Amino acid sequence: MFSKKISVIAIACLFSATSACANPAAESNQPVTSAAHPWANKTLTADQRADLVLKEMTQDEKLKLVFGHFGSNMAWKNHQKHPDAIPHSAGYVEGVPRLGVPAQFQTDAGLGVATQGSGPTAREGTSLPSGLATAATWNLATAYQGGAMIGSEARATGFNVMLAGGVNLLREPRNGRNFEYAGEDPLLAGSIVAAQIKGIQSNHIISTMKHFAFNNQETGRFVLDAKIDDASARMSDLLAMQFALEKSDPGSVMCAYNRVNGAYACENDYLLNQVLKTDWSYRGYVMSDWGATHSTVAAANSGLDQESGWEFDVTPYFSGALKEAVANGFVAQARLDNMLRRILRTMFDKGLFDHPVASGGKIDYAAHALVTQQDAEEGIVLLKNNAGLLPLMHDIKKIVVIGGYADVGILSGGGSSQVYPIGGLAVKGLEPAIWPGPVVYHPSSPLAAIQRQAPQAQVTYNAGTDLKAAAKLAAQADVVVLFATQWVGEALDATTLSLPSNQDALIAAVNAANPKTVVVLETGGPVTMPWIKQVNSVLQAWYPGTSGGEAIARILFGKVNPSGHLPASFPASESQLPRPVLDGDPSKPEQRFNVTYHEGATVGYKWFDAKKITPLFPFGHGLSYTQFAYSGLNSTVKEGNLHVSFKVTNTGKIQGKDVPQVYVSPSASKWEAPKRLGGWDKVDLLPGESKTVNLVVDPRLLGMYDSATKTWRIAAGTYKVILARDAGDLETSMVSVKLPARTLTLQGKDKK
Ligand code: BGC
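Just so it is clear, the model here is predicted, and its values are computed rather than measured.

Basis of the calculations
Residues numbered from 1 in each chain as written. Predicted model: local features only at pLDDT ≥ 70, side-chain atom pairs only at ≥ 80, totals over all residues. Heavy atoms only, no water. Axes fitted to C-alpha atoms, helices over the stretch in contact; angles between N-to-C directions. Helix = DSSP H or I, 4+ residues; strand = E, 2+ residues; numbered from the N terminus. Left-handed = near helix turned anticlockwise from the far one by under 90°. Contact = heavy atoms within 4.5 Å. Nonpolar A, V, L, I, M, F, W, Y, C, P; charged D, E, K, R; others polar. Core = buried A, V, L, I, M, F, W, Y, C linked by side-chain atoms within 4.5 Å. Buried < 20%, exposed > 50% of the residue type's maximum accessible area, 1.4 Å probe, protein only. Domains from an automatic or database assignment. Buried area = accessible area lost by both parts, 1.4 Å probe. Salt bridge = Lys/Arg side-chain N within 4 Å of Asp/Glu carboxyl O. Pairing = 2+ DSSP bridges. Near = heavy atom within 4 Å. Polar contact = N/O pair within 3.5 Å; in protein donor to acceptor, adjacent residues only side chain to side chain. Areas by Shrake-Rupley, 256 points an atom, 1.4 Å probe, with all protein chains shown as cover. Phe/Tyr/Trp six-rings, centres within 6.5 Å; stacked < 30°, edge-to-face > 60°. Lys NZ or Arg CZ within 6 Å of the ring centre and 35° of its normal. Parallel < 35°, antiparallel > 145°, perpendicular 65-115°, else oblique.

1. Some points on the packing of helix H7 (residues 186–201) against helix H9 (residues 237–248)
The angle between the axes and the distance between the axes are what describe a pair of packed helices.
Alright, step 1. One way to put it is that H7 packs onto H9 with a least axis distance of 8 Å and a crossing angle of 35°. Judged by the twist between their axes, the crossing of H7 over H9 is right-handed. Residues Pro186, Leu187, Gly190, Ser191, Ala194, Ile197, Lys198 and Gln201 of H7 form the contact with H9, whose participating residues are Leu239, Ala240, Phe243, Ala244, Lys247 and Ser248.
Alright, step 2. When its residues are assigned to classes, the contact of H7 with H9 shows 8 nonpolar, 4 polar and 2 charged.

2. So, the nonpolar core
Alright, step 1. Phe212, Leu238, Phe318, Leu322 and Leu344 are the most contacted members of the largest nonpolar core, which totals 132 residues.
Alright, step 2. Taken together, domain 1 (12–349) and domain 3 (623–744) each give at least three residues to this core, which thus spans both.
Alright, step 3. In contact with Phe212, not counting residues within four places along its chain, are Leu238, Met241, Val253, Met254, Cys255, Ala256, Ala265, Leu271, Leu272, Val275, Leu276 and Trp280.

3. Thoughts on the domain arrangement of the protein
The figure often quoted for interface size is the accessible area lost as the parts come together.
Alright, step 1. Partitioning the protein into structural domains gives domain 1 (12–349), domain 2 (377–560) and domain 3 (623–744).
Alright, step 2. For domain 2 versus domain 3, the separation of C-alpha centres amounts to 35 Å.
Alright, step 3. Contacts between the two partners involve 11 residues from domain 2 and, on the opposite side, 4 residues from domain 3.
Alright, step 4. Across the interface of domain 2 and domain 3, roughly 590 Å² is buried in total on both sides, 52% from carbon and sulfur atoms.
Alright, step 5. Counting the surface domain 2 buries against domain 3, the share from its top three residues, Glu378, Leu382 and Pro391, is 69%.
Alright, step 6. Along the contact surface separating domain 2 from domain 3 lie 2 salt bridges.

4. Some details on the side chain of Ser635
Alright, step 1. Relative to the assigned elements, Ser635 resides in strand E20 (residues 628–638).
Alright, step 2. Among residues more than four places away in sequence, those in contact with Ser635 are Leu642, His643, Val644, Val721, Val735, Ser736 and Val737.

5. Thoughts on the sheet that holds strand E30 (residues 733–739)
Alright, step 1. Strand order across the open sheet formed by 4 strands is E24-E23-E29-E30, with antiparallel pairing between neighbours. Looking at the sheet topology across the chains shown, the edges are occupied by strand E24 (676–680) and E30. With strand direction ignored, the average angle separating the axes of adjacent strands in the sheet is 30°.
Alright, step 2. Relative to strand E29 (residues 717–724), strand E23 (residues 661–666) runs antiparallel, the two being bridged by 6 bridges. Its bridge partner being in E29, Val664 is matched across the sheet by Val721.

6. Describing the site of the ligand
Alright, step 1. Taken together, 14 residues sit near the ligand, with Asp108, Arg177, His211, Asp289 and Glu490 positioned nearest.
Alright, step 2. Between the ligand and His211 there is a distance of 2.7 Å, counted from an oxygen atom to a side-chain nitrogen or oxygen.
Alright, step 3. The contact in question runs from an oxygen atom of the ligand to an N or O atom on the side chain of Tyr257, over 2.9 Å.
Alright, step 4. Within the complex, the protein chains bury 95% of what would otherwise be the 310 Å² of accessible surface of the ligand.
Alright, step 5. Residues that form the shell around the ligand fall into these classes: 5 nonpolar, 3 polar and 6 charged.

7. What to know about the packing of aromatic side chains
Alright, step 1. Going through the model one piece at a time under the given rule, you end up with 17 aromatic pairs.
Alright, step 2. Ring geometry for Tyr92 against Phe105: centres 5.3 Å apart, planes inclined by 50°, an arrangement best described as tilted. Placement of Tyr92 in strand E2 (residues 89–93) and of Phe105 in strand E3 (residues 104–107) is noted, with a sequence separation of 13 residues between them.
Alright, step 3. Taking 5.5 Å as the distance between ring centres and 70° as the angle between the ring planes, the aromatic pair formed by Phe179 and Tyr543 counts as edge-to-face. Of this pair, Phe179 sits in the loop between strand E4 (161–162) and H7 while Tyr543 sits in the loop between strand E18 (537–540) and helix H18 (548–556), placing them 364 residues apart in sequence.
Alright, step 4. Since its relative accessible area comes to 0%, Phe179 is described here as buried.
Alright, step 5. What makes Tyr543 buried here is its relative accessible area of 2%.
Alright, step 6. Taken together, the ring pairs in this structure connect Trp138, Tyr605, Phe619, Tyr663 and Trp680 into an aromatic cluster.
Alright, step 7. The ring of Tyr597 carries Arg171 above its face, with NZ or CZ at 4.6 Å from the centroid.
Alright, step 8. For the cation-ring pair, Arg725 lies above Tyr630, with the distance from its terminal atom to the ring centre recorded as 4.5 Å.

8. Observations concerning the packing of helix H15 (residues 446–453) against H18
Alright, step 1. It is the contact of H15 with H18, at a shortest axis distance of 8 Å, that shows an interaxial angle of 40°. Taken together, H15 and H18 sit at an angle that is classed as oblique. The element H15 and its partner H18 pack so that their crossing is right-handed. On the side of H15, the interface is formed by Pro446, Ala449, Ile450, Arg452 and Gln453, while H18 contributes Gly549, Glu550, Ala553, Arg554 and Leu556.
Alright, step 2. A breakdown of the residues in the contact of H15 with H18 according to their chemical character gives 5 nonpolar, 2 polar and 3 charged.

As structure tokens, this is what we get:
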């Protein structure tokens, strides 16, 4: 069982980096100590320790640390992995045993310990629900606990670098990797991913933050050039990353595949040297994505600190070529030393020297299954619930479950983040079988879990492939639970937002036969729902992870009161999007093209607001089996900062968790959109219970970024503070507040 004690420690660790937050298993490992290794002295700062070891390193040793190997064999290149890499892993960077510098063992990533490639050798582990599902919890403690859990599995498997921390903004609902990220709002996405990174790093390992930046679609990801102006970038995608960085201090930042305003992200002086290292004062190191390094001199001088998985690049840029470039002065020795200082300092700072990893650690899979279940239970969103269909009664007699392989498992997303289930794939032989496949169903059967909730009921399964047969069976049921799925994965975007494989027709036919139909969606991100007016109840389950079947059943039967809220708007159709047709041609992967972000910072709900378009479901939407009332909205300005308080009361009959959202909106000055999310809370209330919520709005969310002066400017004037249930909530409470003019630094402090 996942003990209460662990969860309390985990929550405390959100706010602290003390040794109490260490993985207890790690404490037994002996630190590297030797009189000849003065950097082993833990009383020195990470900077001092890094300098001491750097002084002792030869040029060849230095070059080892900036040069990453792929951790798996590449059959198509007839290439064997580095002998010391952990088999089927993402990467390996040699250490310097002479000096006690540990090697870096890198694993994907954000949902758990992944395996490159599949087959009988796949490493098994616990998978969190998708990143979007965790974002849908709006619960920082849950995100932290999930991070701490997967980080502990990484450590126990021998990894000290986790390539997690995906925070690319959901600009493009068809993006095949949205399931790895945290939605469309900079504050929500940045905060959730930061909590996860902190959880991972509490295990004395490094987490990345990725993919820096504008890797917002997979179509043409290796060649596309994302075009966006500086101010819009800093108020959208970069702001999400800045928040994530400020709140979690990830050891590494992974630069992306694509180009940004002309230059590849991994040789982009603007992104790496100016924004990240200068403006944000980032002290960690930049590693490239696998195959994202395109040069030696330009990359090194533009801020790349470590080439990853060199086998994916055209040539080993940061090996002999870098040595030569330093020798002939194209790259300064000081720049190479700076790469080393960043890498070594981070390794000291995050605990890689003092808490060495070893494989073969014990993993409490049963406890971890409960951590991921709790995440799923908070992230599943009740989108619609008419006619009191949900929660289902435990004494129901006849339940028909249709589709989605719900008899055996739940779906996950494909690509490098794929965690292989304990016990193997629930469904074998699905296409695509090769990367980013295989299509993996975790063996957490919703059907079995539903049966456990209603032991007396006759529960029948139908695959849903024959519409007529499914509808006929549905007609005889007291209730129908219909599972619809959309598989997406890395390197592949959804070509459309429609559910694939005729599932819209299946839903329409089954619902027509029996209106007591609950639709459960397992999708990578937003999908369209042409049948929404007719269907009474819809549950968005995302990819719900290792214990997803159990989580879904417990919500269906009211064992858990749903409390997930959408981290992204669900459009009614593609025609509502800034780009009704996705840029690029998937059949011509080599062909360069531009993706012009003409919408600038007007992303997600901001776009729908600005264009006065009503989406299918707004950002922030999510229903509960109880009701909440808001009162006493008040806002004050203290030392220039906007403080907001209000009361939330559970007015219903059962316990539940609410996500009250505060949006801010200027009355006179013009922003990129009418309103922005300024803050939220997740409150757990017993029936009749009330709680007062106090929030402080990050002042940058009240200003506009000014590129010329690199400041945030808040215009003097009246601002609306809106307390809402979601971004489309029109019956909101609202107060006005007068703000003085302010000029803020990049970090949101008053400019002197
Ligand atoms: C992905 C990264 C991943 C890396 C290593 C790349 O294809 O874009 O997110 O960390 O592979 O597996």
